[in-house]
Amino acid sequence: MRETSGHERAHFADERTRGDLRVLIVDDEPIAREVLREELAGRPDVEVVGEAENGPEALERIAELRPDLVLLDLQMPGFGGFEVIQRLPRGALPFVVIVTAFDQHAIRAFEAGALDYLLKPVSQPRLEKALERARAMRGNQPRIAESLARVVEVAAPAGKTRKVVGRSGEEYYLLDLDDVLAFQAEREIVWIVTGKQRYMATQPLKAIEERLRGSVFQRVHRNALVNVNHVRKMTPLTSQRWMLTLSNGQELIVSKRLAADVRQLLQW
């Protein structure tokens, strides 16, 4: 038998100390909430910490209770499951399982590799698989954050704000792309620059550029992508070199190779 490594022992010990999987049930139908609560009641490693019957209440409960898992109804009065994900409180990134009768839009989102979903009526085997996945993902904030961002991106109507994942300290945030001024690479780190602070990106600059192709973000240098909507001034340094000033006062050099593209995009 292979001996368990010290790393594995630490991992298993950490799993034990985490305790029960903390679950929040969100559905506007009382019967639907009751059914899910009863399905979860007999499981020794699951604790239902609360319920919510609409989007605003769900956000309050998530901020207050910090659940590991949210079983989230897709369609609710006011705003539904996708809007809850878009508006998650800062620093709160639970594993989300959408519960839906059937919605092709939802299926497309999850086929993109994001999170999980349950079809009503929820079967016990399918619920158990969702719980297993939630246990496996617990504590993996980067993967959960990226998954949530993909859900928002795939589900949002054309023209709606998309999200990008940024890290600050040990916490991960879903940031509105409209609020991002630039992506700036410094060696191995890519910084997400906003008007108030910088966050560490979870992807390399090339991958970010590919994902944002056709958007308002323009490559201005081998180490920078700029949101052209936040460019406030373009100053010539030489006949082929320019300085961009962003809405936060930050200045960026435009490379000679990309100067013509940037001038054309800005209609300069």
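Quick note: structure is the one above.
Here the structure is a predicted model, which means the values were calculated and not measured.

Turning our eyes to something else, we now look at helix H6 (residues 124–137). End to end, H6 covers 20 Å across 14 residues, agreeing with the expected 20 Å (1.5 Å per residue, within 8%). For H6, every residue scored as buried is listed here: Leu127, Ala130, Leu131, Ala134 and Met137. Along H6, the residues classed as buried sweep out an arc of 130 degrees about the axis, all on the same side. Facing away from the buried side of H6 by over 90 degrees, the exposed positions are Pro125, Lys129 and Ala136. A side-chain oxygen of the first residue of H6 lies 3.3 Å from the backbone nitrogen of Arg126; this N-cap is Ser123. Positioned one or two residues after H6, Gly139 has a phi angle of 90 degrees, which is positive.

Looking now at the pattern of salt bridges. Per the stated rule, a full pass over the model turns up 15 salt bridges. Where Glu128 meets Arg135, a salt bridge forms, and the shortest distance between an N and an O atom there is 3.3 Å. Judged by its relative accessible area of 22%, Glu128 is partly exposed. Accessibility expressed as a relative area gives 21% for Arg135, which makes it partly exposed.

The rules behind these values
Residues numbered from 1 in each chain as written. Predicted model: local features only at pLDDT ≥ 70, side-chain atom pairs only at ≥ 80, totals over all residues. Heavy atoms only, no water. Helix = DSSP H or I, 4+ residues; strand = E, 2+ residues; numbered from the N terminus. Expected span 1.5 Å × (residues − 1). Buried < 20%, exposed > 50% of the residue type's maximum accessible area, 1.4 Å probe, protein only. Arc of directions from axis to C-beta. Polar contact = N/O pair within 3.5 Å; in protein donor to acceptor, adjacent residues only side chain to side chain. Salt bridge = Lys/Arg side-chain N within 4 Å of Asp/Glu carboxyl O.

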